[in-house]
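# Descriptive structure summary
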Number of protein chains: 2
Amino acid sequence: MNGYTIAVVGATGAVGTKMIQMLEQATFPIKSVKFLASKRSAGKKLLFKGKEVEIQETTAKSFENVDIALFSAGGSISKQFAPEAVKCGAVVIDNTSAYRMDPDVPLVVPEVNEEAIRSHKGIIANPNCSTIQLMVALEPIRKQYGLDRIIVSTYQAVSGAGIYAINEMKEQAQHMLNGEPYEAAILPSGGDKKHFPIAFNALPQIDLFAEDGYTFEELKMINETKKIMGDNKIKVSATCVRIPVVSGHSESVYIEVKEDGTSVTAIQEILRNAPGVVLQDDPANQIYPTALEAEGKKETFVGRIRKDRDEDKGYHMWIVSDNLLKGAAWNSVQIAESLYKLGLIKERN
Amino acid sequence: MNGYTIAVVGATGAVGTKMIQMLEQATFPIKSVKFLASKRSAGKKLLFKGKEVEIQETTAKSFENVDIALFSAGGSISKQFAPEAVKCGAVVIDNTSAYRMDPDVPLVVPEVNEEAIRSHKGIIANPNCSTIQLMVALEPIRKQYGLDRIIVSTYQAVSGAGIYAINEMKEQAQHMLNGEPYEAAILPSGGDKKHFPIAFNALPQIDLFAEDGYTFEELKMINETKKIMGDNKIKVSATCVRIPVVSGHSESVYIEVKEDGTSVTAIQEILRNAPGVVLQDDPANQIYPTALEAEGKKETFVGRIRKDRDEDKGYHMWIVSDNLLKGAAWNSVQIAESLYKLGLIKERN
């Protein structure tokens, strides 16, 4: 049988399980799959297109004969094993932040900069979830009108922090509904010192604090946007906030375009025709995106587009997408589709 | 016994019950209280300083001998009864949006524009919850450095929509945790056609849609800010979003000051000494405000203050306050305290 051998590293995780679902829907030919995880999960079985596949422990040898390796098991696993996979001849599509800002690694949202994958040297990075949906919605506007600045405040779902964070939120919520005491052990960041409840709360910290009061999550959005748009002059700022939603990141976004004479109607028209975007923007009929509605869908949903009341070139909008799908698993599989479509990956014999 | 007679209209509501609690802590002398509500609640009893007070139906005659009437029973009740209360010689402190933009009605946050109450003609308006905390945090900065613009994205709690909305959220959350189907009948706005679940979701609509794609909630923040700051030129824009939090509004705020040479440290110092503000801003120790921590407190909490990475006069911050207290009940009782302190209310014999 012809086709590719695809490895999923972190197959049991919140993103990994979605990668498997997305691979089941991929249009490129798949000869076989390898589901890799930690030693703890080795031996367990996962379904792929109805057949059981046994999970293997990730080792340097796991990548022999692998054509494409999708990584989503944390930055340190990517740092350790992505070079091994490349040595074995695989193309790595890495969903962690490990290689995103590496100048030798293309950072790709296929709707935005698919051609960038041609320059890959073995590793292609998948951007941060909150960056991807922002790019899908804003790049079509930037192409048409130019963009001077972006100010984004995020409303990020808990699934971005993994399965254990989801379980913690649900347990906290149940305790709070029962009027019982509850604890926090994971969020805002598993690696930080203090933990706060996320159920019925909003936490203005995602990832660790980096510099000048910004979190790494905020710096990811700022730096990745500049890299993907290929524009170092664009002003980008971000405030990243975790809210008690399972899946579906929402973003309140302010932009200033370069061109004069733009309008809400014209921007709606651009987005109506933009790849990967679904325009949901009809306030009179209460049509706008919400996280719950976006969950399980691959598109990026945009609504509440309105002109700033003071800045003629300023617009506000609300951008929502499933962080596990377009924000992670689906974007990674889309990159694999692009590799295939552009003839950048050869079948082995 | 000397002192004032205070009426609370809407005494059984989410805000009304908090008004009663705040009145128990007031420093001006209270001779008696009148708890007013709809006919449905008449006859029920509420405690005030340990004594039972029977709820009466609100009628035009309810305000005889009342010195101060706190209204929080919806705009239509205020429109109907506030003029009756004024006729009876009471000063009305109205927590609804009914009179806020009336040029004859002062719109007051005591920390910001207490002196404005001197011009009252019987009615003083309490600003919208999300506006109040913004004013408490930003006015001290504006006084020192001037303010050119404000861009705010809100993370608003469900209690702002009343007790029934809180109950609905909790029921939805329980059903979702159980994996059961659930319904939405109140949010995003009881008066609108469609309703969406708020549990584990984020709704980018608060109040009805007004004009140009803005909601009334957003216009309230924009217009009230200009009125309270007494500056029609300040650029204000808002995106108002409801999230699954019981009480405690959070706000992601971007400002541009007028003055050159400002710094995060200087702004922190201003806020450390600002009335009604608690600075919680130490990222290295994960100190920043959260809704759950702010619940039940009267202050406005500010943290995550950082300089914009492109605009030298731009700053971002995170502002949190209990929407039922500083955002409503406490600000109303504070206005009553101001009336007393400024000698604007005379005891009757």
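Residues numbered from 1 in each chain as written. Chains lettered and ligands numbered in written order. Predicted model: local features only at pLDDT ≥ 70, side-chain atom pairs only at ≥ 80, totals over all residues. Heavy atoms only, no water.

## Quick notes on the sheet that holds strand E11 (residues 249–257) of chain A
All names here are of chain A. Quick reminder of the rule: Should DSSP find at least two bridges between two strands, the strands are taken to pair. Only DSSP runs of H or I reaching four residues or more are called helices, and only runs of E reaching two or more are called strands; each is numbered from the N terminus. Axis definition: a line fitted to C-alpha atoms, limited for helices to the stretch in contact. Angles are taken between N-to-C directions and run from 0 to 180 degrees.
Strand order in this open sheet of six strands is E10-E9-E11-E14-E13-E12, and the pairing throughout is mixed. Strands at the two margins of the open sheet, each flanked by one partner only, are strand E10 (235–239) and strand E12 (277–279). Averaged over neighbouring strand pairs, the angle between their axes works out to 25° when direction is ignored. Taken together, the eight bridges between strand E9 (residues 147–155) and E11 define a ladder with antiparallel strand orientation. By the bridge assignment, Leu 147 is partnered in E11 with Val 257.

## Points about the interface of chain B and chain A
The cut-off we apply is this: Two residues qualify as a contact provided that any one of their heavy atoms is within 4.5 Å of a heavy atom in the partner residue. Accessible area that two parts lose when put together, with a 1.4 Å probe and added across both, is what the buried area reports. Think of a salt bridge as a Lys or Arg side-chain nitrogen and an Asp or Glu carboxyl oxygen that are within 4 Å of each other. Polar contact is defined as a pair of N or O atoms within 3.5 Å, subject to the rule that within protein one atom must be able to donate a hydrogen and the other to accept it, and that residues adjacent in sequence are counted only when both atoms are side-chain atoms. Only Asp, Glu, Lys and Arg are considered charged, only Ala, Val, Leu, Ile, Met, Phe, Trp, Tyr, Cys and Pro nonpolar, and every remaining residue, Gly among them, polar.
Taken together, the contact pairs 70 residues of chain B with 70 residues of chain A. In total, chain B and chain A occlude about 5600 Å² of area from one another, counting both sides; carbon and sulfur atoms represent 54% of this. The largest contributions to the chain B side of the interface with chain A come from B:Phe200, B:Gln286 and B:Arg309, which together make up 13% of the buried area. If you look at where chain B meets chain A, you find 16 salt bridges. Two residues, B:Lys226 and A:Asp310, come together in a salt bridge whose shortest N-O distance is 4.0 Å. At the junction of chain B and chain A, the tally comes to 46 residue pairs in polar contact (both at pLDDT 80 or more). Going through the elements one at a time, strand E9 (147–155), helix H5 (163–178), helix H6 (216–229), strand E10 (235–239), strand E11 (249–257), helix H8 (291–294), strand E13 (300–307) and strand E14 (314–321) of chain B are the ones with two or more residues in the side of chain B that touches chain A. In terms of residue count, H5(B) provides more of the side of chain B that touches chain A than any other element does, seven residues in total. Residues belonging to the side of chain B that touches chain A are distributed by class as follows: 36 nonpolar, 16 polar and 18 charged.

## Description of the sheet that holds E14(B)
All names here are of chain B. Pairing is mixed across the open sheet formed by six strands, whose spatial order is E10-E9-E11-E14-E13-E12. Both edges of this open sheet fall to E10 and strand E12 (277–279), since each of them pairs with a single strand only. Neighbour-to-neighbour, the strand axes of this sheet turn through a mean angle of 25°, independent of strand direction.

## Section: the UniProt feature "active site" (unreviewed entry) in chain A
Residue and element names in this part refer to chain A. For clarity, the threshold we go by: UniProt positions are given in the numbering used here, feature names are shortened, and annotations may be inferred rather than shown by experiment. Residue exposure (1.4 Å probe, protein chains only): buried if accessible area is under 20% of the type maximum, exposed if over 50%, otherwise partly exposed.
Per the UniProt record, the feature "active site" (unreviewed entry) sits at Cys 129 and His 249. Their sequence span is 121 residues, while the largest C-alpha to C-alpha distance among them is just 8.2 Å; these annotated residues converge on one region. In this structure, Cys 129 sits in helix H4 (residues 129–145). A relative accessible area of 13% means that Cys 129 is categorised as buried.

## Overview of H5(B)
Put simply, the rule is: In this analysis, the expected span of each helix is defined as 1.5 Å times one less than the number of residues it contains.
Across its 16 residues, H5(B) extends 23 Å between first and last C-alpha, which sits within 8% of the 22 Å expected from 1.5 Å per residue. Packed against the buried residues of H5(B) are helix H5 (163–178) of chain A. Downstream of H5(B) by a residue or two, B:Gly179 has a phi angle that is positive, lying close to 70°.

## Side note on the domain arrangement of chain A
Residue and element names in this part refer to chain A. Formally: Each domain's extent is set by a domain assignment, obtained either automatically or from a database.
The assigned domain composition of chain A is domain 1 (4–127 + 328–341) and domain 2 (131–323). The C-alpha centroid of domain 2 is placed 25 Å from the C-alpha centroid of domain 1. At the boundary of domain 1 with domain 2, total buried surface from both sides reaches about 1600 Å², with 68% on carbon and sulfur atoms. For domain 1, the biggest contributors to the area lost against domain 2 are Met 101, Glu 111 and Val 112; these three give 32% of the whole. Applying the counting rule to domain 1 against domain 2 returns one salt bridge. The tally of links between domain 1 and domain 2 comes to six residue pairs in polar contact (both at pLDDT 80 or more). When grouped by side-chain class, the residues that make up the side of domain 1 that touches domain 2 number eleven nonpolar, seven polar and four charged.

## Considering the packing of H4(A) against helix H7 (residues 264–272) of chain A
Residue and element names in this part refer to chain A. Under the convention used in this document: Under this scheme an angle from 65 to 115 degrees is roughly perpendicular, one under 35 degrees roughly parallel, and one over 145 degrees roughly antiparallel; angles in between are oblique. By convention, the crossing between two helices is left-handed when the near helix turns anticlockwise from the far helix through less than a right angle, and right-handed when the turn is clockwise.
Packing of H4 against H7 leaves a shortest axis separation of 9 Å and a crossing angle of 120°. Between H4 and H7, the angle is such that the two are oblique. H4 and H7 meet at a crossing whose hand is right-handed. Residues Ala 137, Pro 140, Ile 141, Gln 144 and Tyr 145 of H4 form the contact with H7, whose own contacting residues are Ala 266, Ile 267, Ile 270 and Leu 271. In terms of residue class, the contact of H4 with H7 is built from eight nonpolar, one polar and no charged.

## Structural notes on the pattern of salt bridges
Overall, the coordinates contain 44 salt bridges over all chains when judged by the stated rule. Put simply, A:Glu211 and B:Arg309 hold a salt bridge, and the shortest N to O gap is 3.7 Å. Pair noted here: A:Glu211 is in the loop between H5 and helix H6 (216–229) and B:Arg309 is in the loop between E13 and E14, and the two residues belong to different chains. Given the relative accessible area of 41%, A:Glu211 is considered partly exposed. A salt bridge links B:Lys121 to B:Asp104; the shortest N-O distance between them is 3.1 Å. Separated by 17 residues along the polypeptide, B:Lys121 in the loop between helix H3 (110–113) and strand E8 (123–125) and B:Asp104 in the loop between strand E7 (91–94) and H3 bring together distant segments of the chain. You can call B:Lys121 exposed: its relative accessible area is 60%.

## Structural notes on the packing of aromatic side chains
The test is simple: Working definition: rings of Phe, Tyr and Trp (its six-membered ring) pair if their centres are within 6.5 Å, and the pair is stacked with planes under 30 degrees apart, edge-to-face with planes over 60 apart, and tilted otherwise.
Enumeration over the complete set of coordinates arrives at 17 aromatic pairs over all chains. Plain terms: the ring middles of A:Tyr288 and B:Phe196 are 5.7 Å apart, the flat faces sit at 70° to each other, and that makes the pair edge-to-face. Pair noted here: A:Tyr288 is in the loop between E12 and helix H8 (291–294) and B:Phe196 is in the loop between H5 and H6, and the two residues belong to different chains. Using a relative accessible area of 6% as the deciding quantity, one classes A:Tyr288 as buried. Classification of B:Phe196 as buried rests on a relative accessible area of 19%.

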